[in-house]
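An overview of the molecular structure
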Amino acid sequence: MPTTEFDISLPSIRQMQNLIKQAAPTELKLITGDIITGRILWQDQYCVCLVDENSEQTTVWKQAIAYIKAK
């Protein structure tokens, strides 16, 4: 049976939580090749929300992310 809990023991989850706490500028590259930059506001088990310099929020499905890089 698949777990539906948010597993904070995973290094990827902890890394993203640190980016949120630090309000670090972050780059998300999507599997489509698009690059989104901003600060990560929140994450859940399925999505990440990024806010850009214009205070516009973008919610991205984690499945669509190729990589995450702190800038």
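Quick caveat: nothing in here was measured; it's all calculated off a predicted structure.

Describing the nonpolar core
Among the nonpolar cores identified, the biggest contains 12 residues, and these are Met16, Leu19, Ile20, Ala24, Leu28, Leu30, Ile36, Ile40, Val48, Leu50, Val60 and Ile65. Elements that contribute at least two residues to this core include exactly helix H1 (11–22), strand S1 (25–30), strand S2 (35–43) and strand S3 (47–51). Counting residues per element, this core draws most heavily on H1, at 3 residues.

A short note on the pairing of S2
One ladder, built from 5 bridges, connects S1 with S2; its direction is antiparallel. Bridge pairing links leucine 28 to isoleucine 36 in S2. Remark: 4 residues form the turn of the hairpin made by S1 and S2, two consecutive strands paired antiparallel; glycine 33 in that turn has positive phi of roughly 100°. Both S2 and S3 contribute to a ladder of 4 bridges, which runs antiparallel. Across the sheet, residue glutamine 43 finds its bridge partner in S3, namely valine 48. As consecutive antiparallel partners, S2 and S3 are separated by 3 residues.

Looking at the UniProt feature "domain: Hfq-related" (unreviewed entry) in the protein chain
The UniProt record marks residues 10–70 with the feature "domain: Hfq-related" (unreviewed entry), using the residue numbering of this structure. Helix makes up 20% of residues 10–70 and strand 51%. Its end C-alpha atoms lie 18 Å apart.

Here's the deal with H1
An α-helix turns once per 3.6 residues; consequently, residues spaced three or four apart project the same way. In this model, H1 (12 residues) spans 16 Å end to end at C-alpha, consistent with the 16 Å of a helix rising 1.5 Å per residue. Along H1, the positions that sit buried rather than exposed are Ile13, Met16, Leu19 and Ile20. With its buried residues spanning 120° around the axis, H1 presents them on a single face. For H1, the exposed residues lying more than 90 degrees away from the buried face are Pro11, Lys21 and Gln22. Where H1 terminates, the next one or two residues include alanine 23, which has phi positive at roughly 50°.

The rules behind the values
- Residues numbered from 1 in each chain as written.
- Predicted model: local features only at pLDDT ≥ 70, side-chain atom pairs only at ≥ 80, totals over all residues.
- Heavy atoms only, no water.
- Core = buried A, V, L, I, M, F, W, Y, C linked by side-chain atoms within 4.5 Å.
- Buried < 20%, exposed > 50% of the residue type's maximum accessible area, 1.4 Å probe, protein only.
- Helix = DSSP H or I, 4+ residues; strand = E, 2+ residues; numbered from the N terminus.
- Pairing = 2+ DSSP bridges.
- UniProt positions renumbered as here; feature names shortened; annotations may be inferred.
- Expected span 1.5 Å × (residues − 1).
- Arc of directions from axis to C-beta.

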